[in-house]
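Results of the structural survey
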Amino acid sequence: MTVTDRARKVKPFEGEFSRAIRDPHPCACAPSRGLLTEKQAAEFLGLSAGTLRVSRCTGPIPGRIFVPFIRMGRAIRYDEALLREWLTARVVTGEAAR
C-alpha cells in the first residue's frame, strides 16, 4: 500500500474540535464579544487602571465600586457589553439624585 492509497482511506477527523472550528459557539472568549484589556476598559469607563485593579482586589464591598471582569489565567479582560450594562445600572435620574 502506497502513501497515496493510505491518504485516500483516511477519513477526516470528526471530533469535537473539528466541529468547534466549523461551527464556533458564541462564548465569553470569542473576539466578537468585544473583550477589552485593562487599559482599554479604563479608557472606556473614564477611570484609571489603578481603580480597576483596586476594584478587582477588594471585590464587591458596599460603598466601593465593583466592575465585572473576566479572568483567563493571568489575563484580565472586561466584556464591553457588561461594562455598558454596569454603566446603565448606575445612571441616576429624578428624585434618586437628591
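To keep things clear, this report deals only with the structure shown in the data block.

Thresholds, definitions, all that
Residues numbered from 1 in each chain as written. Predicted model: local features only at pLDDT ≥ 70, side-chain atom pairs only at ≥ 80, totals over all residues. Heavy atoms only, no water. Axes fitted to C-alpha atoms, helices over the stretch in contact; angles between N-to-C directions. Helix = DSSP H or I, 4+ residues; strand = E, 2+ residues; numbered from the N terminus. Parallel < 35°, antiparallel > 145°, perpendicular 65-115°, else oblique. Contact = heavy atoms within 4.5 Å. Nonpolar A, V, L, I, M, F, W, Y, C, P; charged D, E, K, R; others polar. Phe/Tyr/Trp six-rings, centres within 6.5 Å; stacked < 30°, edge-to-face > 60°. Buried < 20%, exposed > 50% of the residue type's maximum accessible area, 1.4 Å probe, protein only. Pairing = 2+ DSSP bridges. Salt bridge = Lys/Arg side-chain N within 4 Å of Asp/Glu carboxyl O.

**Focus: the packing of helix α3 (residues 38-45) against helix α4 (residues 49-58)**
In helix packing, the relevant descriptors are the interaxial angle and the interaxial distance, both defined with respect to the helix axes. Following both chains from N to C, one finds α3 and α4 inclined at 105 degrees, their axes separated by 8 Å at the closest point. The orientation of α3 relative to α4 falls into the category roughly perpendicular. When α3 is examined against α4, the residues E38, A41, A42 and L45 are found in contact with a partner set consisting of A49, L52, R53 and R56. Classifying every residue of the contact of α3 with α4 by side-chain character gives five nonpolar, no polar and three charged.

**Focus on the packing of aromatic side chains**
Each pair of aromatic rings is reported with the distance of its centres and the angle of its planes. Tallied over the entire structure, the rule returns two aromatic pairs. Aromatic pair F66 and F69: ring centres 6.3 Å apart, planes at 65 degrees, arrangement edge-to-face. For F66, a relative accessible area of 29% corresponds to the partly exposed category. The exposure class assigned to F69 is partly exposed, which follows from its relative accessible area of 25%. Ring geometry for F69 and Y78: centres 6.4 Å apart, planes at 55 degrees, overall tilted. Three or more aromatic residues joined by ring pairs make a cluster, and in this case those are F66, F69 and Y78.

**Looking at the pairing of strand β3 (residues 75-79)**
Two faces, one strand: in a regular strand the side chains alternate between the faces of the sheet. With two bridges connecting them, strand β1 (residues 35-36) and β3 associate as antiparallel partners. By the bridge assignment for β3, L35 is matched with D79. Where strand β2 (residues 70-72) hands over to β3, the hairpin turn is made up of two residues, of which G73 adopts a positive phi near 70 degrees.

**Quick notes on the pattern of salt bridges**
By the definition in use, this model includes three salt bridges. Notably, a salt bridge pairs R56 with E38, separated by 3.0 Å at the nearest N-O pair. Of this pair, R56 sits in helix α4 while E38 is found in helix α3, placing the two residues 18 residues apart along the sequence. Accessibility classification places R56 together with E38 in one group, the buried group. Put simply, E80 and R84 hold a salt bridge, and the shortest N to O gap is 2.7 Å. In this pair, E80 and R84 both sit in helix α5 (residues 80-89), four residues apart, roughly one turn of the helix. The network of salt bridges with common partners includes E38, R53 and R56.

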